[in-house]
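Residues per chain, in single letters:
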Amino acid sequence: MKQPALRTGVRWKISVAIAAVGALVAVALSLVVHNAARVSMLDNAREVQMERLIFAQRVYEASKPKEPRFGTELNDPALPRELVRLAARKHRGTYVEEHADGAPDVWAAVPLGNGDVLSLRTPFADRSATVMRRLDEALVVGSVSVVLAGSALGVLIGGQLSRRLRKAATAAGKVAQGNTDVRVRDAIGGLVRDETDELARAVDALTDALHERIEAERRVTADIAHELRTPVTGLLTAAELLPPGRPTELVRDRARAMRTLVEDVLEVARLDSASERAELQEIALGEFVGRRVALLNPDAVVRVVHESWVSTDPRRLERILGNLLTNAAKYGKPPVEVTVEGRVVRVRDHGPGFPEALLREGPSRFRTGASDRGRAGAGHGLGLTIAAGQARVLGARLTFRNAATPHGTAPGVGGAVAVLWLPEHAPTNTGSFPVVHFPEGD
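This text gives an overview of the structure that appears in the document. (Residues numbered from 1 in each chain as written. Predicted model: local features only at pLDDT ≥ 70, side-chain atom pairs only at ≥ 80, totals over all residues. Heavy atoms only, no water.)

Points about helix 10 (residues 382-393)
The end-to-end C-alpha distance of helix 10 is 16 Å, a good match for the 16 Å that 12 residues give at a rise of 1.5 Å each. Counting buried positions along helix 10 gives 10 out of 12 residues, so the element sits mostly inside the fold. Those residues of helix 10 that fall on the buried side of the exposure criterion are L382, L384, T385, I386, A387, A388, G389, Q390, A391 and V393. Contact partners of the buried residues in helix 10: helix 6 (246-272), helix 8 (314-331), helix 9 (356-361), strand 10 (397-402) and strand 11 (416-421). G395, located one to two residues past helix 10, shows a positive phi value of around 75°. (Helix = DSSP H or I, 4+ residues; strand = E, 2+ residues; numbered from the N terminus. Expected span 1.5 Å × (residues − 1). Buried < 20%, exposed > 50% of the residue type's maximum accessible area, 1.4 Å probe, protein only. Contact = heavy atoms within 4.5 Å.)

Some thoughts on the nonpolar core
Residues L285, V289, L324, V345, L398, F400 and L420 are the most contacted members of the largest nonpolar core, which totals 39 residues. Of all the secondary-structure elements, those providing two or more residues to this core are helix 6, helix 7 (285-296), helix 8, strand 8 (337-341), strand 9 (344-348), helix 10, strand 10 and strand 11. The biggest single contributor to this core is helix 10, with seven residues. Beyond its immediate chain neighbours, meaning those up to four positions away, F400 contacts L324, F354, L358, L359, P363, L384, V417 and A418. L53, Y60, L112 and L118 belong to the second largest nonpolar core, which has nine residues in total. (Core = buried A, V, L, I, M, F, W, Y, C linked by side-chain atoms within 4.5 Å.)

A short note on the sheet that holds strand 6 (residues 301-306)
For sheets, the rule is that strands pair by backbone hydrogen bonds, running either parallel or antiparallel. The five strands lie next to each other as 6-8-9-11-10, forming an open sheet whose pairing is mixed. Single-partner strands in this sheet number two, and they are strand 6 and strand 10. Within this sheet the neighbouring strands show an average axis-to-axis angle of 15°, counted without direction. Pairing of strand 8 with strand 9 involves five bridges; the strand directions are antiparallel. Paired with T339 across the strands is R346, a residue of strand 9. Running over the sheet, helix 7 touches strand 6, strand 8 and strand 9 and is turned about 165° from strand 8. (Pairing = 2+ DSSP bridges. Axes fitted to C-alpha atoms, helices over the stretch in contact; angles between N-to-C directions.)

Brief notes about unusual backbone geometry
In this structure, the amide linkage connecting P334 to the following residue, P335, adopts the cis form with an omega of 0°. By the secondary structure assignment, P335 is in the loop between helix 8 and strand 8. You will see that K90, though not glycine, has its phi angle at about 65°, which is positive. For K90, the position within the fold is in the loop between helix 2 (81-88) and strand 2 (93-99).

As for the pattern of salt bridges
Taken as a whole and assessed by the stated rule, the structure comprises four salt bridges. The salt bridge involving E341 is made with R346; its shortest N-O contact spans 3.5 Å. The partly exposed category is assigned to R346, whose relative accessible area is 26%. (Salt bridge = Lys/Arg side-chain N within 4 Å of Asp/Glu carboxyl O.)

Put into structure tokens, the structure is as follows:
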């Protein structure tokens, strides 16, 4: 069983990394400072202890009778072994005796001429312990501050990188949708030059190569279709001169189909070149759709929910309707329903619906609207491609979906639904959108 991947953003990964590094550095420096300060204070305490013991030794040797003073002890049985060995070799020294449950003891020992050992033991000063405690508190506060500051810096740096990557991903997504004019480098912007710019340049180079390849394929397709137009027209003319009969009808039918295919390919090439412009007219959408559907598919049911006047190109709108109705009649099942509601036109059949690839990727040339593989060779798949291209020229949006399967019926018989959304302001014959002027005071 595949385990679900844990998704985290770059911002938080960088923040956690900087915080972790800051915490390690802060802990390491705190330990070094703590140990250095403790060693320094203990060394100072040992020097002070030895000075006190030497002074007590002088007083001891000069006094009559000789008695240890100032807290010193003579031959103290608790004297550490290290100092005992030093005294045996006639050396003086200091020693720090650690305790698990309290402050350490600072020892100093000096050998006397008669073989005795004079020693002094003093607990580590409370004041020094207080200083160490405050130092530890300051180190903890500093370490926490470093971690928090590092986290904030990580969020800031990671956020900047994350925003650049998101902008790059958005621009790349537009390129994947076919908008090859988008440049990722321009989308991310900024003055910083980092690996994101290298990624952007690579994607832009890939986009340019893809655009050039698409343009080359479009030109080749258009050239081939243009070159085929003359011989196909001649073939159709010659077929009309053949004597009547079944073979003649077959030849004529195939010649007409080839001419239709050539014309469709040329139309797709023109739409891909983005050179087509709409010639606008004001029409009553419901009335127009009703009259055209009656001619294109008399069996289709037209229902006008709400009439609306639109500014559009009637010829291109009729072309879209014709292709949608043809696709519904060829790959769907009756009844075919056409609904007009304001600026929205819906064409629905009751067949098996659109294939998943078309719903996912949109219409594509030479891929038909049949969802079952057995009928995939029944057409060339140019009808929906042309409809989508003409919709773009009109500034409209053409979407495809499958209707919900009615309860109690077999799966996949809900029908295909194509929805044409005409814009409020259609593009003009120059490709721009008209400027709407409102009267003063509105």
